[in-house]
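# Overview (structure and organization)
Listed below are the residues making up each chain.
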Amino acid sequence: MKNKNKITLLIFALLMFLPSLASANEFVDDGVIDFGTSADFPPYEYYEGEDIVGIDPDIIKEIGDYLDIEVKIHDMDFNNILASIQSNKLDAGAAGFTVTEERKKSVNFTDTFAKTSQVVLVKKDSQISTIDELRKNKKIGTQLGSIGHTLATDDFGEENVSAFVKVPDAVLALKTGKIDAVIVDKEIAENYKASDDKLGILDKTYVEEEYAIAVNKNNEALLEKLNQAIGELKKDGTIDKIMAKYEGSSELSEGKGLIGRFKATIIDNGGYKYLLDGLKTTIIVTSFALIISFLLGLIIAITRAASEESTNILIKILDKVFALFVTIIRGTPSTIQLLIMFNVILVNLDNLLLVAVLSFALNSSAYMAEIFRGGINAVDKGEKEAARSLGLTYYQTMRKVIMPQAIKNSLPALANEIITLFKETSISGFIGLADLTRGASIVISQTFDAGTAYFSAAIIYLVIVMVMEKIFKKIEKGLQYA
Ligand code: GLN
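Along each chain, residue indices are assigned from 1 in the same order as the chain's sequence is written. At least 70 in pLDDT is required for a residue's local features to be given in this predicted model, at least 80 for side-chain atom pairs to be given and counted, and no such filter applies to totals for whole chains, interfaces and linings, which use all residues. Processing note: side-chain calculations cover all non-hydrogen atoms of the structure and skip hydrogens and water entirely.

## Some words on the overall build of the protein chain
The helix and strand labels rest on DSSP assignments: H or I over at least four residues marks a helix, E over at least two residues marks a strand, and numbering proceeds from the N terminus. The helix and strand tally for the protein chain stands at 18 helices and 12 strands. The dimensions of the protein chain, computed from C-alpha atoms along their principal axes, are 85 × 85 × 40 Å. Burial analysis of the protein chain (482 residues in total) assigns 48% to the buried set. Put simply, of all contacts in the protein chain between residues at least 6 apart along the chain, 75% involve residues at least 24 apart. Accessible surface, the protein chain: about 24,800 Å² in total, of which carbon and sulfur atoms supply 59%. Here the protein chain holds 51 positive side-chain charges and 63 negative ones, and the gap between their average locations is 8 Å. Only protein chains enter the accessibility calculation, which uses a 1.4 Å probe; a residue whose area is less than 20% of its type maximum is buried, one above 50% is exposed, and one in between is partly exposed. Contact criterion: two residues are considered in contact whenever any of their non-hydrogen atoms come within 4.5 Å of each other. For accessible areas, the Shrake-Rupley method is used with a probe of radius 1.4 Å. Any residue's cover is judged against the shown protein chains and nothing else. We score Asp and Glu as negative and Lys and Arg as positive, and we do not count His or the chain ends. Charge coordinates come from a single atom per side chain, which is NZ of Lys, CZ of Arg, CG of Asp or CD of Glu.

Structure below.
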């Protein structure tokens, strides 16, 4: 009895001691500070070639140098950054984050390092000249998850405010007259204004605010270190220098007319590089997801078909599990599935490509399973009975008689599913994977020409789908005569 007490005491002591050991002199366990950003926010963060540059990335680099620790920047949708910090996927977020009381409930903020404001971007010929006029049922665009969105819905009513995933999408809606104003951070609005002489900014500022880095709430040590670094970088003038470096907008070649704009945006300003790189990623994700989902779909369908005739308890259990899997996958949006894989199930997997492949593979396998199951059921029952009476085993009947016909039956639906899978990967940007759609967004964040970038991406998708359709038709024809 005595010994048992001693051991319990020892374990308690160890448990209390362990956390202090872990954080004794480390503030990130893997020796790297992982920062999240959304590189569609020039001059704060944007792409230049392959690199993410801007005020925040420069400050992060300086912080890394000062603390003598490796820093990594992960690009993702703005709305996903705070969630990824909370799920411990990221240590911190630097994306022009405005410090707010609401956000302080879920993350810590470093000391602020820049003052800015929310302003109202309008078309120059607009009737709106004061913020009060926005109250007259005007349509206002904001970025999802941004402070501009929260403030605008409070002030002007939810029904008048649209939330766009990206700022460039909101600006495009403004340019095409879908909305009357965009509420966005001052420097970003100024960049847009400089790139398009039809845009203007209201004189009066909407709200004053300050930027800081968001930090995981469980990591006070990191907060302290970052504050120490920011304090020093402020004092020695580094931050001022970085701000000055990014003042004024970048030079872009401009084009008029459809062809002129295409040439300027896609060719002269290098947009094609992002589209082609994105396309490569889209094709890789689709191909691997397809191979996995095809096999998994077959396994699920065959097991479920077998369970109809079998009394084997294992097959019965598998049938129930697969049925539940199919219901869950088909009953939830693929975007949510991708975000759950990224933020919860595969939270420790850093390879975004793999996260996307697995997520789309699982999603598509549920649909494929149902397609194959339909194909199996469509085979004439008499054939199965005939094969069995000829002495073929269940396995032989399935392999030689049922499955070849089932797959043939499934082809049209299968072709549809493969095309859907290919287009579905366009949500990969939600986890920061630079697929074709995300490639178009990157082009927009650099050239501010959303129309041309989206059209170019759409045409690439369309051409590939048309090629796929041709191939499927050929296969179908080939099988018809087989
Ligand atoms: N400053 C705004 C916010 O924190 C917008 C930031 C952003 O879109 N990157 O909500």
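The discussion continues.
## Considering the site of the ligand
Around the ligand, the surrounding shell holds 13 residues, and the nearest of these are A95, R103, Q143, I147 and D185. N or O atoms within 3.5 Å of each other form a polar contact, as long as, within protein, one can give a hydrogen and the other can take it, and as long as residues adjacent in sequence are counted only when both atoms are side-chain atoms. At 2.7 Å, a backbone N or O of A95 approaches a nitrogen atom of the ligand. For the ligand, whose free accessible area comes to 300 Å², the fraction covered by protein is 99%. Elements supplying a minimum of two residues to the shell around the ligand: β5 (92–98) and β12 (207–216). Top element by residues in the shell around the ligand is β5. It accounts for 4 residues. The residue classification treats Ala, Val, Leu, Ile, Met, Phe, Trp, Tyr, Cys and Pro as nonpolar and Asp, Glu, Lys and Arg as charged. All others, Gly included, are polar. Along the lines of polarity and charge, the residues of the shell around the ligand split into 6 nonpolar, 4 polar and 3 charged. If a single non-hydrogen atom of a residue is within 4 Å of a molecule or strand, that residue counts as near it.

## Structural notes on the side chain of T110
Note that T110 resides in the loop between β6 (107–109) and β7 (114–123). What T110 contacts, discounting residues up to four positions off in sequence, is A212, I213, V215, L223, L226, N227 and I230.

## Observations concerning the pairing of strand β8 (residues 140–143)
Alternating residues of β8 divide into I140 and T142 and G141 and Q143, and every residue in both groups is buried. Between any two strands, pairing holds if DSSP finds at least two bridges. Strand direction decides the pairing type here: β8 and strand β10 (residues 181–185), joined by 2 bridges, are parallel. Of the residues in β10, the one forming a bridge with G141 is V182.

## Here's the deal with the pattern of salt bridges
The salt bridge criterion pairs a side-chain nitrogen of Lys or Arg with a carboxyl oxygen of Asp or Glu, the two atoms within 4 Å. Under the criterion given, the structure shown has 19 salt bridges. Residues R438 and D75 are paired through a salt bridge, measuring 2.8 Å at the closest nitrogen-oxygen approach. Residue R438 is located in helix α17 (residues 436–447), and its partner D75 is located in strand β4 (residues 70–75); the two are separated by 363 residues in the primary sequence. In this structure, D449 and R261 form a salt bridge, with 2.6 Å as the shortest nitrogen-oxygen distance. One end of the pair, D449, is in the loop between α17 and α18 (450–480); the other, R261, is in helix α10 (residues 257–268), and 188 residues separate them in sequence.

## Here's the deal with the nonpolar core
Residues belong to a common nonpolar core when they are buried Ala, Val, Leu, Ile, Met, Phe, Trp, Tyr or Cys residues joined through side-chain atoms within 4.5 Å. One finds I33, I63, I213 and L226 to be the most contacted residues of the largest nonpolar core, which totals 46 residues. Considering every element that reaches this core, the biggest residue donor is helix α8 (residues 220–235), with 6 residues. By size, the runner-up hydrophobic cluster in this structure holds 39 residues, among which are Y47, I418, I419 and V443.

## What to know about the packing of helix α11 (residues 271–307) against helix α14 (residues 352–377)
Lines fitted to the C-alpha atoms define the axes, with helices restricted to the stretch that makes contact. Angles between their N-to-C directions range from 0 to 180 degrees. Close contact between α11 and α14 brings their axes to 5 Å; oriented N to C, the two are set at 40°. Taken together, α11 and α14 sit at an angle that is classed as oblique. The handedness of the crossing between α11 and α14 is right-handed. Here the contact of α11 with α14 is composed, by residue class, of 24 nonpolar, 5 polar and 3 charged. Roughly parallel here means an angle under 35 degrees, roughly antiparallel means over 145, roughly perpendicular means 65 to 115, and every remaining angle is called oblique. The sense of a crossing depends on the near helix, which, turned anticlockwise from the far helix by less than a right angle, makes the crossing left-handed and, turned clockwise, makes it right-handed.

## What to know about the packing of aromatic side chains
Centre distance within 6.5 Å is the pairing criterion for rings of Phe, Tyr and Trp, where only the six-membered ring of Trp is used; planes under 30 degrees apart are then read as stacked, over 60 as edge-to-face, and the remainder as tilted. Under the defined criterion, the tally for this structure stands at 7 aromatic pairs. For a ring to carry a charge above it, either NZ of a lysine or CZ of an arginine must fall within 6 Å of the ring centroid while also lying within 35 degrees of the normal to the ring plane. Residue placement shows K89 over the ring face of F342; its charged tip is 4.5 Å from the ring centre.

## Describing a negative patch on the surface
Only residues whose relative accessible area exceeds 30% and that form no salt bridge enter a patch; like-charged residues are grouped when within 9 Å of one another, and nonpolar side chains (Val, Leu, Ile, Met, Phe, Trp, Tyr) when within 5 Å. Residues D29, D30, E70 and D350 make up a contiguous surface patch of negative charge. In this structure, E70 sits in strand β4. By relative accessible area, E70 is classed as partly exposed at 46%.

## Quick notes on a nonpolar patch on the surface
Taken together, I284, F288, I291, I292, L295, L354 and L358 make up a surface patch of nonpolar side chains, about 580 Å² in accessible area. If you list the elements that add at least two residues to the nonpolar patch, you get α11 and α14. Here the element with the most residues in the nonpolar patch is α11; it accounts for 5 residues. Structurally, L354 is set in helix α14.

## Topic: helix α2 (residues 55–67)
Its 13 residues place the ends of α2 18 Å apart at the C-alpha level, agreeing with the 18 Å of an ideal helix rising 1.5 Å per residue. Taken together, the buried positions of α2 are occupied by I55, D56, P57, D58, I59, I60, I63, G64 and L67. Multiplying 1.5 Å by the residue count of a helix minus one yields the expected span of that helix.

## Section: unusual backbone geometry
In the segment running from P42 into P43, the intervening peptide bond is cis, with an omega of 10°. With respect to the helices and strands, P43 occurs in the loop between β1 (32–37) and β2 (46–48). Although it is not a glycine, N88 adopts a positive phi angle of roughly 70°. Relative to the helices and strands, N88 is located in the loop between α3 (78–86) and β5. In this structure, N137 is a non-glycine residue whose phi angle is positive, near 55°. Along the chain, N137 falls in the loop between β7 and β8. Exposure remark for N137: the relative accessible area of 58% places this residue in the exposed category.

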